[in-house]
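Take a look at the letters that make up each chain.
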Amino acid sequence: MEPPAIPLEEASDTSSPLLGWAEDRELSARVVAGDRSAFDVLYAEALSIVWRHASRWRRDRRAAEALTAAILASAFRELMALPPGARFAALLLGALAAHRPDGCEAGEEPPHA
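Residues numbered from 1 in each chain as written. Predicted model: local features only at pLDDT ≥ 70, side-chain atom pairs only at ≥ 80, totals over all residues. Heavy atoms only, no water.

**Q** In this structure, what is going on with the confidence of the model for the chain? I would like to understand it.
**A** Fine structural detail should not be taken from predicted coordinates in areas where pLDDT scores are low. Per-residue confidence for the chain gives a mean pLDDT of 79, with 71% of residues at or over 70. Across the chain, helix α3 (residues 61-81) holds the top mean pLDDT of 94, while helix α1 (residues 21-32) sits lowest at 84. Low pLDDT (under 50) marks residues 2-16, which in the prediction has 23 contacts with non-local residues, meaning those over four places away or in another chain. (pLDDT = per-residue confidence, 0-100. Helix = DSSP H or I, 4+ residues; strand = E, 2+ residues; numbered from the N terminus. Contact = heavy atoms within 4.5 Å.)

This is the structure we're talking about:
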């Protein structure tokens, strides 16, 4: 499934937290079942969160875009491999942690930034 075209400028609004527990589980199950509109919602919610971290971890825009794509792909790939009802937010946090630069704690700038 190709992600929808959402300009990164629209992803800069970080005031919206990732979905609540019930909505996240429902949308995740719908994504696994092939519901494109549910995928679009999860993707849009996740994009702003991932971009915020990737753009801090990688100063170069292209590198930040590539990292954003890798993190989102990892989280969605894992979602598709799990039974319906998996919580996407947990998978996304795991993908963020797996791609976090060495020596960088959650919420911090990388040491070489």
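**Q** Please explain the packing of helix α2 (residues 36-57) against α3 as it appears in this structure.
**A** The description of two packed helices rests on the angle between their axes and on the distance between the axes. Put simply, α2 and α3 touch, their axes get as near as 9 Å, and they point 135° apart. If you check the angle between α2 and α3, you find them oblique. Remark: the crossing between α2 and α3 carries right-handed chirality. Across the interface between the two elements, Phe39, Leu42, Tyr43, Ala46, Leu47, Val50, Trp51, Ala54, Ser55 and Trp57 of α2 pack against Arg61, Ala64, Glu65, Leu67, Thr68, Ile71, Leu72, Phe76 and Leu79 of α3. (Axes fitted to C-alpha atoms, helices over the stretch in contact; angles between N-to-C directions. Parallel < 35°, antiparallel > 145°, perpendicular 65-115°, else oblique. Left-handed = near helix turned anticlockwise from the far one by under 90°.)

**Q** Hey, could you run me through the pattern of salt bridges in this one?
**A** Close approach of charged atoms allows side chains with opposite charge to pair. Counted by the stated rule, this structure contains 5 salt bridges. Residue Arg30 is joined to Glu26 by a salt bridge in which the shortest nitrogen-to-oxygen separation is 3.7 Å. Here the residue Arg30 and the residue Glu26 both occupy positions in helix α1, the gap between them amounting to 4 residues, near one helical turn. The exposure class of Arg30 is partly exposed, given its relative accessible area of 30%. Note that Asp35 and Arg30 form a salt bridge whose closest N and O atoms lie 2.9 Å from each other. When salt bridges that share partners are traced, they join Glu26, Arg30 and Asp35 into one network. (Salt bridge = Lys/Arg side-chain N within 4 Å of Asp/Glu carboxyl O. Buried < 20%, exposed > 50% of the residue type's maximum accessible area, 1.4 Å probe, protein only.)

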